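An overview of the molecular structure
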Amino acid sequence: MNTKAKTMQKKRAARTYDSSSRREAAQATRQSILQAATHMFLLKGYAATTMPAIAQAAGIAMDTVYATVGKKPALFRLLVETAISGTDTAVPAEERDYVRAIRAEPDAARKLQIYAAALSRIQATLAPLFRVLQGAATLDPELNALWQEISQRRARNMRLFATDLAATERLRRDLTIDKAADIIWSMNSPEFYLLLVQERGWSPAEFEQWLSDAWIRLLLKPR
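Here's what I pulled together on the structure shown here. (Residues numbered from 1 in each chain as written. Predicted model: local features only at pLDDT ≥ 70, side-chain atom pairs only at ≥ 80, totals over all residues. Heavy atoms only, no water.)

Things to note about the packing of helix H7 (residues 141–166) against helix H8 (residues 177–187)
The interhelical angle for the contact between H7 and H8, taken along N-to-C directions, is 125°, at an axis separation of 8 Å. Taken together, the axes of H7 and H8 lie oblique to each other. Both H7 and H8 take part in a crossing whose hand is right-handed. Between H7 and H8, the residues in contact are Ser151, Arg154, Ala155, Met158, Arg159, Phe161, Ala162, Thr163, Leu165 and Ala166 and Ile177, Asp178, Ala180, Ala181, Ile184 and Trp185, respectively. Broken down by class, the residue content of the contact of H7 with H8 amounts to 11 nonpolar, two polar and three charged. (Axes fitted to C-alpha atoms, helices over the stretch in contact; angles between N-to-C directions. Helix = DSSP H or I, 4+ residues; strand = E, 2+ residues; numbered from the N terminus. Parallel < 35°, antiparallel > 145°, perpendicular 65-115°, else oblique. Left-handed = near helix turned anticlockwise from the far one by under 90°. Contact = heavy atoms within 4.5 Å. Nonpolar A, V, L, I, M, F, W, Y, C, P; charged D, E, K, R; others polar.)

Structure (structure tokens):
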């Protein structure tokens, strides 16, 4: 390889390294903001938490916070959507690992067990944020719209789940798909998790086991 080719190769490698470093730095900045925001919202509530306070807690300049996550309603939406996804980024329902696992599983009881396990893990972060959202929804039109949107989306997704269960032919004969969806929807709510785990002191593992057992008894025909 001649000198010119070696120089070009080094420049390409340097550009690749710089690009990778910038992505990693941007991701670290984003995570610092989300962690600080979660802490502040849970500690002080939505109305009392200011963007300057989040920036200070994250140790990041105010302009960078706005450029990274937007204004306060957009930031709170991002927190909720990432919590629902169960990952560090917001992921559409059909692309989530546990949804794919549920759809690939042929056994109805195992589908419910997979979902209960995912829900128990997700609600540990999501449910406290939802408590904040519930209180703030009456004060901010954007958050009220988010509350309604997520509630309706959850209902639609549970109907898809109930349809998936019905396809296994294990759904109880006295349950319509809509009724089955409503049962799952009511019991997968953040409020339900908070009642048992935070208010009554259940462990997440106890909640997961009870929820899967309850769904299997309520929704499926005995073998």
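What follows picks up the thread again.
A word on the pattern of salt bridges
Taken as a whole, this structure holds eight salt bridges when the rule is applied. Between Glu81 and Arg153 there is a salt bridge, with its nearest N and O atoms 2.7 Å apart. With a gap of 72 residues between them, Glu81 in helix H4 (residues 72–85) and Arg153 in helix H7 connect regions that are remote in the sequence. Assigned by exposure class, Glu81 and Arg153 land together as buried. (Salt bridge = Lys/Arg side-chain N within 4 Å of Asp/Glu carboxyl O. Buried < 20%, exposed > 50% of the residue type's maximum accessible area, 1.4 Å probe, protein only.)

Focus: the packing of helix H9 (residues 190–199) against helix H10 (residues 204–219)
It is the contact of H9 with H10, at a shortest axis distance of 10 Å, that shows an interaxial angle of 125°. As judged from the angle between their axes, H9 and H10 are oblique. Classified by chirality, the crossing of H10 by H9 is right-handed. Residue-level contacts link Phe192, Tyr193, Leu196 and Val197 of H9 to Pro204, Phe207 and Trp210 of H10. Taken together, the residues of the contact of H9 with H10 break down into seven nonpolar, no polar and no charged.

Topic: the nonpolar core
Counting 65 residues, the largest nonpolar core has Ile54, Leu75, Phe76, Tyr115, Trp215 and Leu219 as the members making the most contacts within it. Sort the elements by how many residues they give to this core and helix H6 (residues 108–136) lands first, with 16 residues. If we ignore the near neighbours within four places in the chain, the residues touching Ile54 are Ile33, Ala36, Ala37, Met40, Phe41, Thr49 and Leu75. (Core = buried A, V, L, I, M, F, W, Y, C linked by side-chain atoms within 4.5 Å.)

Considering the packing of aromatic side chains
Applying the stated criterion across every chain yields a total of 10 aromatic pairs. Between the aromatic rings of Phe192 and Trp210, the centroid separation amounts to 5.8 Å while the plane-to-plane angle is 25°, which identifies the pairing as stacked. A residue pair is termed long-range when its members are at least 10 positions apart, and Phe192 in helix H9 and Trp210 in helix H10 qualify at 18 residues. Look at Phe192 and you get partly exposed, because its relative accessible area is 22%. Take Trp210: its relative accessible area is 29%, and that puts it in the partly exposed class. What links up through ring pairs into an aromatic cluster is the set Tyr98, Tyr115, Phe161 and Trp215. Here the basic side chain of Lys72 rests over the ring of Tyr46, its NZ or CZ set 4.3 Å away from the ring centre. (Phe/Tyr/Trp six-rings, centres within 6.5 Å; stacked < 30°, edge-to-face > 60°. Lys NZ or Arg CZ within 6 Å of the ring centre and 35° of its normal.)

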